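Residue strings, one per chain:
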Amino acid sequence: MKSALTWKIIAKCSRTKARVATLTLPHCPLETPVFMPVATQGTLKGVTTKQLEEMSCDIILNNTYHLGLRPGQELFDDVGGSHIFQNWKRNILTDSGGFQMVSLLKLAEITEEGVQFQSPHDGSLMLLTPEHSMSLQNSIGADIIMQLDDVVASLTTGKRVEEAMYRSIRWLDRCIKAHKNPETQNLFAITQGGLNSELRKICIQEMIKRDTPGYAIGGLSGGEEKDIFWRIVTLSTDLLPKNKPLYCMGVGYAEDLVVCVALGIDMFDCVFPTRTAELFGGREKYPEWAVNALRSVNIELLP
Amino acid sequence: MNTLSFNILKTTENSIRPGKLTLREKTIKTPNCILYTTKGSVPHLTPDNLRHLPFGAVQVTLEQFVDVQPPPSIKFPDGIHKFLNLEDFLVYFDIRDPSKIQTSSFNTDHYVSVRTHQGVRKITADDYIDYMNIYKPDIVANMADILYSERPGQNRVRKSVTRTLQWLDELLNSKKLTVDRRIQEGIHVFGALTGNQYREERKRSAEETMKRDVSDGVLAGIAAGIDLFDTSYPTKMADNGHALTFSLKHSQNQSDFEVSNSSTSNTIPRSINLLDPQFKKDFRPFVPMCTCIACLNYSRAYVHHLVDTREMLGSILLISHNLLQYAQFFQDIRESIENGTFEKDAKMFKDVFGFEELDPATITSSSSSEEASSL
């Protein structure tokens, strides 16, 4: 499909799968690997956009589900998008709203048509379909938009994981069809399949055929064992195209970032630094799982 | 040399007067306002955002520092300026939070009661001196027996004046915070005035305070005019979601504040409430031509969204705007006094922005802090 980005790898690590690249998006180029701070409601907690620029931040996340509720789609159509509304001249990525299927599960009902959410504010119902998610994201106008996927909590097992994986492929097709601005907004596919390597493989194979401008690994970072987590990441980066940006959703702890970069991930997001006032206490040594993960890409940590 | 001087730049037949307070190579023209802080921090503002604003002095209150005993801040060796990362600001130290309008508990001849998150604490004149010895503010208002009830009896007021003078003496004659040490550290004493509604007690408070050796120069300027205010009002308004819209120069147009469904009014509002859904699609700045970071970069609609979703940036933008608006208001007042048009301008202000009955409770409470700074 069409793409509104260019992706140029500048250097590759001689031992691991890590790479440095320039990702040029509609609002400005940025260097990867990149951490994208989360500005759920169209604002990064307690920071002005000027301060963000001074911190050399080139891309932030907005959340489609939350912005769809408040201030609402009509406002974005009136004002001309989220960049103008929040006075942010650099890039934005919008999440599709799929994650809220997990975080607001009690308020969500999932069918083939889409997800029905109950508004936590006034109890009104919102049916988020792949088409509606695309329409909202087109109005918000982010540089990278995400497909609506069927997200299950990462500890889920059994048929539900398989169902969600296949449904995410069908929903990707509906998103591609409904996406109105492929010349100015990049639609990323989100690979699913839980902690099951076979399901992950099937999903990746199918999604590669859709040829989206970039790919995300979804359904991780939800409390699963790190030893399984990193194996799914490395399997995914082996199978996904090497010439496209790869985004591991919801990852943000320091050692997770180091490991995932070594395994070939380019983009990250996490509420960790913005939501937790506490600093992540510097660990004196890497946990066992991280040592194993790095060993898989030829890095032996000094004792 | 670290002297404080206060010059009246012009005297008028009434008590309205422009002045100039100079200290530590900083000049503050008066009438003016100093920044209200909570625990020494201007609410919601990081130092970079604070330094966009034209303020030179902060007001810090001991009440907010003593909830944990002993306060960790007393272990910091380099004084309050450095502790707060406000070395380029003048620090005015007082005992009670000026935005609190209630008494915390009773005061006695020996201590003032202050309210903290950990309950009521008693501060003696001697404690206060110890804290000032450590914090080393530029200006310290002496401990005062402030009465918060609306109409206290004359005997109680007399006691308040006497106690306050007694505590002033203890501060000025302290063996720990001697004159020499005050000079060396650049600590200047402001005498706090009390007396409430009793003219006689007001007079006694002022006259007796003047007899003491409080920062000279300041005393030379004593008159009925109040010279320094604090910013607790614009801060409170911001916390309630309001952006200030008044100005003495009246450069605003009524149309800037018109909304389609509002009834016609001849006056301009003094503030707008950003929580109001009428601003949902209002893409104008709070006040046209305002140069604050909010008005230059963001719309009423966006700030409405921020306060609606209780986002921190909403508070940052509102307080940045309100403080600049307030500073500008004082600058306009000073110009107006210098030009001799103050009374005319004040009348026009009333006509344009409407007359608001002042709540007596508010006057009583706010006057305490103003009085402390009025010398």
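Since the model is a prediction, treat every value here as computed from it, not as a measurement. (Residues numbered from 1 in each chain as written. Chains lettered and ligands numbered in written order. Predicted model: local features only at pLDDT ≥ 70, side-chain atom pairs only at ≥ 80, totals over all residues. Heavy atoms only, no water.)

What about the packing of helix α2 (residues 64–79) of chain A against helix α5 (residues 130–140) of chain A?
All names here are of chain A.
Here's step 1: Here α2 crosses α5 at 60°, and the two axes come no closer than 9 Å. Classified by the angle between their axes, α2 and α5 sit oblique to one another. Of the two elements, α2 crosses α5, and the hand of that crossing is left-handed. Residue-level inspection shows Thr-64, Leu-67, Gly-68, Gln-73, Phe-76 and Asp-77 of α2 in contact with α5, the latter providing His-132, Ser-133, Ser-135, Leu-136, Gln-137, Ser-139 and Ile-140.
Here's step 2: For the contact of α2 with α5, the residue count by class is 4 nonpolar, 8 polar and 1 charged. (Axes fitted to C-alpha atoms, helices over the stretch in contact; angles between N-to-C directions. Helix = DSSP H or I, 4+ residues; strand = E, 2+ residues; numbered from the N terminus. Parallel < 35°, antiparallel > 145°, perpendicular 65-115°, else oblique. Left-handed = near helix turned anticlockwise from the far one by under 90°. Contact = heavy atoms within 4.5 Å. Nonpolar A, V, L, I, M, F, W, Y, C, P; charged D, E, K, R; others polar.)

Regarding the packing of aromatic side chains
Residue and element names in this part refer to chain B.
Here's step 1: Under the definition given, this model contains 20 aromatic pairs over all chains.
Here's step 2: Summarising the aromatic geometry, the rings of Phe-229 and Phe-330 are spaced 5.5 Å apart at their centres and angled 50° between planes, so their arrangement reads as tilted. In this pair, Phe-229 sits in strand β11 (residues 228–230) while Phe-330 sits in helix α10 (residues 312–338), placing the two residues 101 residues apart along the sequence.
Here's step 3: Residues Phe-349 and Phe-353 carry aromatic rings whose centres are separated by 5.0 Å and whose planes lie at 35° to one another, so their mutual orientation is tilted. With a gap of 4 residues between them, Phe-349 and Phe-353 both fall in helix α11 (residues 342–353), about one helical turn apart. This pair shows no difference in class: Phe-349 is buried, exactly as Phe-353 is.
Here's step 4: Within the aromatic cluster, the residues linked to one another by ring pairs are Phe-229, Tyr-233, Phe-246, Tyr-326, Phe-329, Phe-330, Phe-349 and Phe-353. (Phe/Tyr/Trp six-rings, centres within 6.5 Å; stacked < 30°, edge-to-face > 60°. Buried < 20%, exposed > 50% of the residue type's maximum accessible area, 1.4 Å probe, protein only.)

Brief notes about the sheet that holds strand β3 (residues 26–30) of chain B
All names here are of chain B.
Here's step 1: Spatially, the 3 strands line up as an open sheet ordered β1-β2-β3, and their pairing is antiparallel. If you trace the sheet from one side to the other, it starts and ends with β1 (5–8) and β3, each paired once. Ignoring which end each strand starts from, the neighbouring axes of this sheet average 15° apart.
Here's step 2: Both β1 and strand β2 (residues 19–23) contribute to a ladder of 4 bridges, which runs antiparallel. Within β2, the residue paired with Ser-5 across the bridge is Thr-22. (Pairing = 2+ DSSP bridges.)

Quick word on the interface of chain B and chain A
Here's step 1: With 20 residues of chain B in contact, the opposing surface of chain A contributes 21 residues.
Here's step 2: When chain B packs against chain A, the two sides together hide about 1,800 Å² of surface, and 54% of this comes from carbon and sulfur.
Here's step 3: Together, Lys-281, His-305 and Glu-311 of chain B form the three largest contributors to the area buried by chain B at its contact with chain A, with a combined 28%.
Here's step 4: Here chain B is connected to chain A by 3 salt bridges.
Here's step 5: Note that Lys-281 of chain B and Glu-74 of chain A form a salt bridge whose closest N and O atoms lie 2.3 Å from each other.
Here's step 6: Secondary-structure elements contributing two or more residues to the side of chain B that touches chain A are α1 (47–50), α8 (293–297), α9 (300–308) and α10 of chain B.
Here's step 7: Of the residues that constitute the side of chain B that touches chain A, the class distribution is 9 nonpolar, 6 polar and 5 charged. (Buried area = accessible area lost by both parts, 1.4 Å probe. Salt bridge = Lys/Arg side-chain N within 4 Å of Asp/Glu carboxyl O.)

Section: the domain arrangement of chain B
All names here are of chain B.
Here's step 1: If you check the domain split of chain B, you get domain 1 (5–230) and domain 2 (241–350).
Here's step 2: For domain 1 versus domain 2, the separation of C-alpha centres amounts to 30 Å.
Here's step 3: With 22 residues of domain 1 in contact, the opposing surface of domain 2 contributes 17 residues.
Here's step 4: Broken down residue by residue, the surface that domain 1 buries against domain 2 is led by Ile-16, Pro-31 and His-44, which jointly contribute 28%.
Here's step 5: On the surface where domain 1 and domain 2 come into contact, there are 0 salt bridges.
Here's step 6: Connecting domain 1 to domain 2 are 1 residue pair in polar contact (both at pLDDT 80 or more).
Here's step 7: At the level of secondary structure, the elements contributing two or more residues to the side of domain 1 that touches domain 2 comprise β3, β4 (32–36) and β11. (Domains from an automatic or database assignment. Polar contact = N/O pair within 3.5 Å; in protein donor to acceptor, adjacent residues only side chain to side chain.)

Considering the UniProt feature "binding site: Zn(2+)" (unreviewed entry) in chain B
Residues and elements named next belong to chain B.
Here's step 1: UniProt's entry tags Cys-290, Cys-292, Cys-295 and His-321 with the feature "binding site: Zn(2+)" (unreviewed entry), counted in the numbering of this structure. A maximum C-alpha distance of 8.2 Å places the annotated residues, which cover 32 residues in sequence, within one compact spot.
Here's step 2: Relative to the assigned elements, Cys-290 resides in the loop between β13 (271–273) and α8.
Here's step 3: What Cys-290 contacts, discounting residues up to four positions off in sequence, is Cys-295, Leu-296, His-321, Leu-324 and Gln-325.
Here's step 4: Structurally, Cys-292 is set in the loop between β13 and α8.
Here's step 5: In contact with Cys-292, not counting residues within four places along its chain, are Ser-320, His-321 and Leu-324. (UniProt positions renumbered as here; feature names shortened; annotations may be inferred.)

Brief notes about the side chain of Arg-167 of chain A
All names here are of chain A.
Here's step 1: Positionally, Arg-167 belongs in helix α6 (residues 159–178).
Here's step 2: Under the relative-accessibility criterion, Arg-167 is labelled buried at 8%.
Here's step 3: Leave out the neighbours within four places in its chain, and Arg-167 touches Ile-110, Thr-111, Glu-112, Asp-150 and Arg-160.

Regarding the pattern of salt bridges
Residues and elements named next belong to chain A.
Here's step 1: Within the structure shown, the criterion is met by 46 salt bridges over all chains.
Here's step 2: For Lys-2, the salt bridge goes to Glu-183, with nearest N and O atoms at 2.8 Å. Here the residue Lys-2 occupies a position in the segment before β1 (6–12), and Glu-183 occupies one in the loop between α6 and β11 (186–191), the gap between them amounting to 181 residues.
Here's step 3: For Lys-2, a relative accessible area of 48% corresponds to the partly exposed category.
Here's step 4: Notably, a salt bridge pairs Arg-19 with Asp-266, separated by 2.8 Å at the nearest N-O pair. Of this pair, Arg-19 sits in strand β2 (residues 19–24) while Asp-266 is found in the loop between α9 (254–262) and β14 (267–269), placing the two residues 247 residues apart along the sequence. Asp-266 carries the same exposure label as Arg-19, and that label is buried.
Here's step 5: Within the structure, one salt-bridge network assembled from shared partners comprises Glu-112, Asp-150, Arg-160, Glu-163, Arg-167 and Arg-170.

Points about the environment of Lys-350 of chain B
All names here are of chain B.
Here's step 1: Examined against the element boundaries, Lys-350 turns out to sit in helix α11.
Here's step 2: Take Lys-350: its relative accessible area is 43%, and that puts it in the partly exposed class.
Here's step 3: Spatially, the C-alpha atom of Lys-350 lies 9.5 Å from that of Leu-248, the residues being 102 residues apart in sequence.

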